[in-house]
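# Residue-level structure breakdown
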Amino acid sequence: MAKDDNLPLFETKSGKGRILFQIYSLLIFVGTCFIFAYRLSHIPAKGEPGRWAWMGLFFSELWFCFYWFVTTVVRWNPIYRSTFKDRLSHRYEKALPGIDIFVCTADPVIEPPVMVINTVLSVMAYDYPPEKLSVYLSDDGGSDLMFYAILEASRFSKIWLPFCKRFKVEPTSPEAYFRTAVELLGEPVLAKEWSTVKMLYEDMKKRIENTTKLGRISEEISKEHKGFNEWILVASRRDHQTILQILIDGRDSKAVDIQGQPLPTLVYLAREKRPQYHHHFKAGAMNALLEMPGFDGNGGPCYIGTGCFHRRETLFGKKYKKNYKTDWKRWSNRSVEESTSVLEETSKVLASCSYEENTQWGKETGLKYDCAVEDVLTGLTMQCQGWRSIYFNPERKGFLGVAPTTLLQSLVQHKRWSEGDFHIFASRNCPFVLGYKKIPLKLQLSYCIYLLWAPNCLATLYYATVPSLCLLRGISLFPQISDSWVLAFAFVIFLHRAYSLGECIWFGGTFKGWWNDQRMWVYKRTTSYFFGLLDHILKRLGFTKSAFVITTKVAGDDVSRRYEQEVMEFGTSSPMFTILATLALLNAFCFFGGLKKVIADLETLVWERFALQILLCGLLVLINLPVYHGLFFRKDVASLPTSVSYQSTIFALLVCVIALC
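Figured I'd write up the structure that's included with this text.

## As for the overall build of the chain
What the chain contains, in helices and strands, is 26 helices and six strands. Residues counted as buried form 49% of the 661 residues belonging to the chain. Accessible surface, the chain as shown: approximately 34,700 Å² in total, 61% of it carbon and sulfur.

Have a look at this one:
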């Protein structure tokens, strides 16, 4: 028995294919050195056409090389972890710590209540002692519709939790489970129970959806719980008192499921909001309640907002010390004497607007404020205080989430992330400043993968426009096909993309999926990251202020169908779409203009001078095929608007005319 107590709770292994990746990286490095040697030895003379375009291309390639180096540092020594749950259960079954799980929502339209309660029910069904599990729904929208949904979920949990244990339900989200599970046809009793629970879920779902469509709580429903009285005093979603309701009190001996087993604590919270107080978006909501193998090998993954667990001490601003020993009993103690109603009232002050005034919350304590990516900054601060993070991605997924289903939603989301990440890099919270002598240099470099998203747009935009325009003007920027220097470019391009494709296939992807990733790589760098960088500059100059855009978590049937068919969704005018369409048309004009020049001068072998530029321009045309389709061939509501077509055509033609002058 004592021997078992000394066995490790997890093991760490180096990633497979690590040696192959290191050889590949060294080969890319050698090829890149030859490319730079060519650039430096073939700089056009002063007054020669294309000198400045050549220099710009050289600096763009320097940037790409630096960013490639950063990503290589991160991926040089990936590690993976696997756990031994049986040992954990054997050693700490009666001494496991209390766990608080936060579920954040902000808008009942963009984040439908049915989706939110499925998340809540799934975490309530965790395989963990229920008396040590507390689930908090933080509703930053302050919606009575969301409160009604969580009230329904609290009732349904009494049936759902024992059902999950009895039938070994996976996944534990009712919606996801019943969508994929096959009805039991064996033992009649079990089949009847299965059908009954499914029917009860569908009934609950229908009630919630009908109430959500109605847009208000009926008088009959409002009598079901005292919590609805709170909304009598609510002026608007941005002006209301703290609303805190303990729907299931885990301390109460009567809080049990239909089989008499204890239920986890379930709390609804809508923190106080007043127009004169900044509410700090999700970071404020999280404070009111208080995916990375390469990173792990370099000192620990960064915090990316969801799908993770924190020790409470890390969020309270406590620094790690070598003699640190956690007191799990302290966090598991629930011997609070107050009744549920008294505890609700006394706890409301914690979510009031004035509670954080003149305190260190958002600065030294809790999630950090004044940053669009408060999660990344908070995680960096924790690591600088001596705490270590680890990455664990079990075969049985611990978390499942949703992602944008339209192009614009995805671009807007990455625009916010890139702006927030670069804000960290350009501030005193830069890893090289904040993390100096506190975290390893390789971890400081690792953060740059995300923090330098925004400036990536400059080199990418240059490479996506200038070589094409020079092709139109007849200016060569690459070695001709008969020159031995072309081998360096061909070697790096082929090896880099071939390894990327092979890696995608190795991990279960497809060629089509890989190609779509390349397409999105270009789209994000030329739009999201550009506007992210522009936003940061404008904020520094005092022209704009921070804004938090909630990414919609729901899509209509037509949108979902096009998403499943991998048809790109446009459907609205946006500056991002205007840039995408302009770049697409610009490269199309240059590509066909360059081909015309080559065909007209076949005897002089002019194609040899422009082979790589034609290849680059043609590749950009292929990448932009969905854009051409949306501009000229699609007639559905998800095509690009006529206004975008006119604007992009005019802009592209204007740039081409200027380039030819």
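Here the narrative resumes.
## With respect to the sheet that holds strand β5 (residues 243–248)
What the four strands build is an open sheet, ordered β3-β4-β6-β5; its pairing is mixed. Both edges of this open sheet fall to β3 (99–105) and β5, since each of them pairs with a single strand only. Mean inter-strand twist for the sheet, computed between neighbouring axes without regard to direction, equals 20°. Its contacts with the sheet place helix α5 (residues 113–124) against β3, β4 (133–139), β5 and β6 (265–270), and it is angled at close to 165° to β4.

## Looking at the environment of Ser-574
Mapped onto the fold, Ser-574 is located in the loop between α22 (557–564) and α23 (575–600). For Ser-574 and Leu-640, which are 66 residues apart along the polypeptide, the C-alpha to C-alpha distance reads 9.6 Å. The contact partners of Ser-574, leaving out residues within four places of it in the chain, are Leu-408 and Val-644.

## Here we look at the packing of helix α19 (residues 456–473) against α23
Put simply, α19 and α23 touch, their axes get as near as 8 Å, and they point 30° apart. When the interaxial angle is binned, α19 and α23 end up roughly parallel. Considering the relative orientation of α19 and α23, their crossing is left-handed. Of the residues in α23, those in contact with Leu-461, Ala-464, Thr-465, Ser-468, Leu-469, Leu-471 and Leu-472 of α19 are Leu-583, Leu-586, Asn-587, Phe-589, Cys-590, Gly-593, Gly-594 and Lys-597. Counted by class, the contact of α19 with α23 contains nine nonpolar, five polar and one charged residues.

## Regarding the nonpolar core
Core analysis: the largest hydrophobic core is formed by 51 residues, its most contacted members being Ile-150, Trp-160, Phe-163 and Tyr-268. Secondary structure elements with two or more residues in this core: β3, α5, β4, α6 (144–167), α7 (174–180), α8 (188–214), β5 and β6. Take this core: its biggest share by element is 14 residues, from α6. Tyr-268 has contacts with Leu-137, Asp-139, Gly-142, Ser-143, Met-146, Phe-147, Ile-150, Trp-231, Ile-243, Leu-244, Gln-245 and Leu-247, leaving out every residue within four places of it along the chain. Within the second largest apolar cluster, 37 residues are counted, among which are Leu-407, Ala-584, Leu-586 and Phe-591.

## Notes on the packing of aromatic side chains
A full pass over the atoms with the stated rule returns 37 aromatic pairs. Aromatic pair Phe-163 and Tyr-177: ring centres 6.2 Å apart, planes at 75°, arrangement edge-to-face. Here Phe-163 is found in helix α6, whereas its partner Tyr-177 is found in helix α7, with 14 residues between them in sequence. For the residue pair Phe-163 and Tyr-177, the accessibility class agrees, reading buried in each case. Counting every residue linked through ring pairs, the aromatic cluster contains Phe-156, Trp-160, Phe-163, Phe-167, Tyr-177, Phe-178, Trp-194 and Tyr-201. Above the face of the Phe-478 ring, Arg-39 is positioned so that its terminal group lies 5.1 Å from the ring centre.

## Quick word on empty space enclosed by the protein
Regions of empty space are outlined by a rolling probe, equal in size to a water molecule, passed over the atoms. Of the pockets and cavities examined, the largest cavity occupies roughly 60 Å³. Taken together, Ala-464, Val-522, Tyr-523, Thr-526, Leu-580, Leu-583, Asn-587, Leu-620 and Asn-624 form the lining of the largest cavity. Those elements that provide at least two residues to the lining of the largest cavity are α21 (511–540) and α23. Broken down by class, the residue content of the lining of the largest cavity amounts to six nonpolar, three polar and no charged. The computed volume of the second largest cavity comes to approximately 40 Å³. Around the second largest cavity, the lining residues are Thr-314, Leu-315, Gly-317, Glu-364, Thr-365, Gly-366, Lys-368, Thr-378, Thr-381, Met-382 and Gln-385. Among the secondary structure elements, those contributing two or more residues to the lining of the second largest cavity are α12 (312–315) and α15 (374–384). Sorting elements by how many residues they give to the lining of the second largest cavity places α15 first, with three residues. Residue composition of the lining of the second largest cavity, grouped by class: two nonpolar, seven polar and two charged.

## Some points on the pattern of salt bridges
Summed over all chains, the structure comprises 13 salt bridges. Close ionic contact of Glu-503 with Arg-75 constitutes a salt bridge, the shortest N to O distance being 2.0 Å. In this structure Glu-503 comes out as partly exposed when scored by relative accessible area, which is 22%. Residue Arg-75 is classed as partly exposed on the basis of its relative accessible area, which comes to 33%. Notably, a salt bridge pairs Lys-205 with Glu-175, separated by 3.1 Å at the nearest N-O pair. In this pair, Lys-205 is assigned in helix α8 and Glu-175 in helix α7, connecting sequence segments 30 residues apart. Connected through shared salt-bridge partners, Glu-175, Arg-179 and Lys-205 make up one network.

Conventions we followed
- Residues numbered from 1 in each chain as written.
- Predicted model: local features only at pLDDT ≥ 70, side-chain atom pairs only at ≥ 80, totals over all residues.
- Heavy atoms only, no water.
- Helix = DSSP H or I, 4+ residues; strand = E, 2+ residues; numbered from the N terminus.
- Buried < 20%, exposed > 50% of the residue type's maximum accessible area, 1.4 Å probe, protein only.
- Areas by Shrake-Rupley, 256 points an atom, 1.4 Å probe, with all protein chains shown as cover.
- Pairing = 2+ DSSP bridges.
- Axes fitted to C-alpha atoms, helices over the stretch in contact; angles between N-to-C directions.
- Contact = heavy atoms within 4.5 Å.
- Parallel < 35°, antiparallel > 145°, perpendicular 65-115°, else oblique.
- Left-handed = near helix turned anticlockwise from the far one by under 90°.
- Nonpolar A, V, L, I, M, F, W, Y, C, P; charged D, E, K, R; others polar.
- Core = buried A, V, L, I, M, F, W, Y, C linked by side-chain atoms within 4.5 Å.
- Phe/Tyr/Trp six-rings, centres within 6.5 Å; stacked < 30°, edge-to-face > 60°.
- Lys NZ or Arg CZ within 6 Å of the ring centre and 35° of its normal.
- 1 Å grid on protein atoms, 1.4 Å probe; cavity = no way out; pocket = protein on both sides within 12 Å on 5 of 7 lines; lining within 4 Å.
- Points joined across faces, edges and corners; volume = space filled by probe spheres on them.
- Salt bridge = Lys/Arg side-chain N within 4 Å of Asp/Glu carboxyl O.

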